[in-house]
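# Observations on the model geometry
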Amino acid sequence: MNDTTKLNESSKTIKKQLLRDSTIFPTEKVLQTALNDVYCVFQQFIIQLEKLDIQLTWKYYTDGKAWLGKGLYSWNKVRGGTSETTIFWCSIWEDVFKITFYYPEKYRKEVLALPLSNKTRIKVSNSKQMGKLKFFPLVFDIDSITMFNDIFTLVNFKKKIK
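Residues numbered from 1 in each chain as written. Predicted model: local features only at pLDDT ≥ 70, side-chain atom pairs only at ≥ 80, totals over all residues. Heavy atoms only, no water.

## Topic: a nonpolar patch on the surface
Which entries qualify depends on this criterion: To count toward a patch, a residue needs a relative accessible area over 30% and no salt bridge; like charges are then connected within 9 Å, while nonpolar side chains (Val, Leu, Ile, Met, Phe, Trp, Tyr) are connected within 5 Å. Here the Shrake-Rupley method, with its probe set to 1.4 Å, supplies the accessible areas, and only the displayed protein chains count as covering residues. Between Lys or Arg on one side and Asp or Glu on the other, a salt bridge is scored when a side-chain nitrogen of the former is within 4 Å of a carboxyl oxygen of the latter. Put simply, DSSP marks the helices as runs of H or I at least four residues long and the strands as runs of E at least two long, and each gets a number from the N terminus on.
Side chains of Tyr 102, Leu 133 and Phe 135 sit close together on the surface and give an oily, nonpolar patch of about 270 Å² of accessible area. With respect to the helices and strands, the residue Leu 133 is situated in the loop between α4 (118-126) and β7 (135-142).

In structure tokens, the structure reads:
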């Protein structure tokens, strides 16, 4: 199995990462075609992001040979100017979109204290620190709105720890 396909734990089927052509920007039409029936869930996700002042920006990354969306939160500094931080990364796969958070290890206990589902708490507990980097990843396969409560709880927390 290479880096473009992953085993989906819940359905035990191999999912392929999409949006691999650097010349095709992920427009609304491209995303709709790629996500099929999940596109309506993706639209609802974007609407919720806008309410939280988070913009999803797309860039083609040559190291991973795919378009990735970066969920950016911008705010005004006290003395003027703006600052921004990456809240999550988004990738498009067959019939799902994946949201990946990277949290500093020092916040693991605080993440576990959030009002999250048991499934997400287990994911947080089991997530391994990334080598020498002091971050732990949380990856969610989204194909319905059922994970939105946990996702947006994590988004709001990440905004606070900017």
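Having put the structure on the table, let's press on.
## As for helix α2 (residues 39-51)
For clarity, the cut-off: Here, expected helix span is obtained from the residue count minus one, scaled by 1.5 Å. Three labels apply to residues, based on accessible area from a 1.4 Å probe with only protein chains included: buried if under 20% of the type maximum, exposed if over 50%, partly exposed otherwise in between. By definition, the arc is the one covered by directions from the helix axis to the C-beta atoms. Should any heavy atoms of two residues lie within 4.5 Å, those residues are considered in contact.
Here α2 is 13 residues long and its end C-alpha atoms lie 19 Å apart, about the 18 Å a rise of 1.5 Å per residue gives. Three or more residues of α2 are buried, namely Tyr 39, Val 41, Phe 42, Phe 45 and Leu 49. Each buried residue of α2 lies within a common arc of 150° when the element is viewed along its axis, so the set occupies one face. Buried residues in α2 make contact with α1 (28-35), β3 (54-61), β5 (82-93), β6 (96-104), β7 and α5 (148-160). Two residues or fewer after α2 comes Asp 53, characterised by a positive phi angle close to 60°.

## As for the environment of Ile 99
By the secondary structure assignment, Ile 99 is in strand β6. Taking relative accessible area as the criterion, Ile 99 reaches 0% and is therefore assigned buried. Each C-alpha atom of the pair Ile 99 and Val 30 lies 18 Å from the other, and the pair is 69 residues apart in sequence. Those residues within four positions of Ile 99 in sequence are excluded, and the remaining contacts are Phe 45, Phe 88, Trp 89, Cys 90, Leu 138, Val 139, Phe 140 and Ile 142.

## Regarding the sheet that holds β7
Spelled out, the test is: Two strands pair if DSSP finds at least two bridges between them. The angle between two axes is taken between their N-to-C directions and runs from 0 to 180 degrees, where each axis is a line fitted to C-alpha atoms and a helix contributes only its stretch in contact.
The antiparallel open sheet is built from five strands, whose spatial order is β3-β4-β5-β6-β7. The open sheet has two edge strands, β3 and β7, and neither has a second partner. Averaged over all pairs of adjacent strands, the angle between strand axes in this sheet comes to 30°, irrespective of strand direction. For β5 and β6, the ladder comprises five bridges, and the chain directions are antiparallel. Considered in β6, the bridge of Trp 89 is made with Thr 100. In this fold α5 packs onto β3, β4 (66-76), β5, β6 and β7, with an angle of close to 35° to the strand it touches most, β6.

## Some details on the nonpolar core
Note the cut-off: Residues grouped as a nonpolar core are buried Ala, Val, Leu, Ile, Met, Phe, Trp, Tyr and Cys residues, joined through side-chain atoms within 4.5 Å.
Core analysis: the biggest nonpolar cluster contains 44 residues, and Phe 42, Phe 88, Ile 92, Phe 97 and Phe 101 have the highest contact counts within it. When residues of this core are traced back to their parent elements, those giving at least two are α1, α2, β3, β4, β5, β6, β7 and α5. For this core, the element with the most residues is α5, which contributes six residues. Every residue in contact with Phe 42, bar those within four places of it in the chain, is listed here: Leu 31, Leu 35, Leu 56, Trp 58, Cys 90, Ile 92 and Phe 97.

## Describing the confidence of the model for the protein chain
Applied cut-off: Each residue carries a pLDDT value, the predictor's own confidence for that position, ranging from 0 to 100.
Residues with a pLDDT of 70 or more make up 93% of the protein chain, whose mean pLDDT is 91. Confidence over residues 1-11 falls short of pLDDT 50; this stretch has 25 contacts with residues more than four positions distant or in other chains.

## Section: the side chain of Asp 150
Heads up, the condition is: His is not counted, nor are the chain ends, whereas Lys and Arg count as positive and Asp and Glu as negative.
Looking at the element boundaries, Asp 150 is found in helix α5. Lacking a salt bridge, the buried Asp 150 has Arg 121 as its closest oppositely charged neighbour, with an N-O distance of 7.6 Å. Those residues in contact with Asp 150 that lie beyond four places of it in its chain are Pro 115, Leu 116, Ser 117 and Thr 120.

## Considering the pattern of salt bridges
Here the structure, examined in full by the defined rule, presents two salt bridges. Between Asp 141 and Lys 98 there is a salt bridge, and its shortest N-O distance comes to 3.2 Å. Of the two residues, Asp 141 is situated in strand β7 and Lys 98 in strand β6; the sequence distance between them amounts to 43 residues. Judged by relative accessible area, which is 28%, Asp 141 ranks as partly exposed. As a salt-bridge pair, Glu 105 and Arg 108 come within 2.7 Å of each other at their nearest N and O atoms.

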